[in-house]
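# Observations on the three-dimensional arrangement
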Amino acid sequence: MLHPHSPYPPQTGTPWFAGLLVAGFAAVVVAVAIMAFGSQLARINPALAVFLELVAVAGVAPSAWRLRRTPVWRWLVYGAAAGVLAGWIAMLVGAA
């Protein structure tokens, strides 16, 4: 229950359409970034590409994990997580 003097309106429901739209946009942007970053690094050294991709995701993950329960940010976090997964799968499929 919200405090009576809270500046936020009470929750009336989950905005699924807007939330999924935001999550989809975040997933596409992150997947393209992962693929672009990884493909250019793989031209230099594939092992370096894998290592730096893992370091970048591990660096962002703690901050994203804390935001997953904030009403608007949760859609971005879930979309970004899906984008990372899609980007890595696309990189693996492209490397095979």
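The coordinates are above.
Below you will find a few notes about this structure.

The rules behind these values
Residues numbered from 1 in each chain as written. Predicted model: local features only at pLDDT ≥ 70, side-chain atom pairs only at ≥ 80, totals over all residues. Heavy atoms only, no water. Axes fitted to C-alpha atoms, helices over the stretch in contact; angles between N-to-C directions. Helix = DSSP H or I, 4+ residues; strand = E, 2+ residues; numbered from the N terminus. Left-handed = near helix turned anticlockwise from the far one by under 90°. Nonpolar A, V, L, I, M, F, W, Y, C, P; charged D, E, K, R; others polar. Contact = heavy atoms within 4.5 Å. Buried < 20%, exposed > 50% of the residue type's maximum accessible area, 1.4 Å probe, protein only.

### A closer look at the packing of helix H1 (residues 16-44) against helix H3 (residues 73-95)
- Direction vectors running N to C along H1 and H3 enclose 35°, while the axes themselves pass 6 Å from each other. The crossing of H1 and H3 is right-handed.
- The class makeup of the residues in the contact of H1 with H3 is 19 nonpolar, six polar and no charged.

### Overview of the packing of H1 against helix H2 (residues 46-67)
- The N-to-C vectors of H1 and H2 enclose an angle of 145°; their axes lie 6 Å apart at closest approach. For the pair H1 and H2, the sense of crossing is right-handed. Between H1 and H2, the contacting residues are Ile34, Phe37, Gly38, Leu41, Ala42 and Ile44 on the first element and Pro46, Leu48, Ala49, Leu52, Glu53 and Val57 on the second.
- Residue composition of the contact of H1 with H2, by class: 10 nonpolar, one polar and one charged.

### Focus on the environment of Met35
- With respect to the secondary-structure elements, Met35 resides in helix H1.
- On the accessibility criterion, Met35 (30% relative accessible area) is partly exposed.
- For the pair Met35 and Glu53, spaced 18 residues apart in sequence, the C-alpha to C-alpha distance is 9.9 Å.
- The contacts of Met35, once residues within four sequence positions are left out, are Gly87, Ala90 and Met91.

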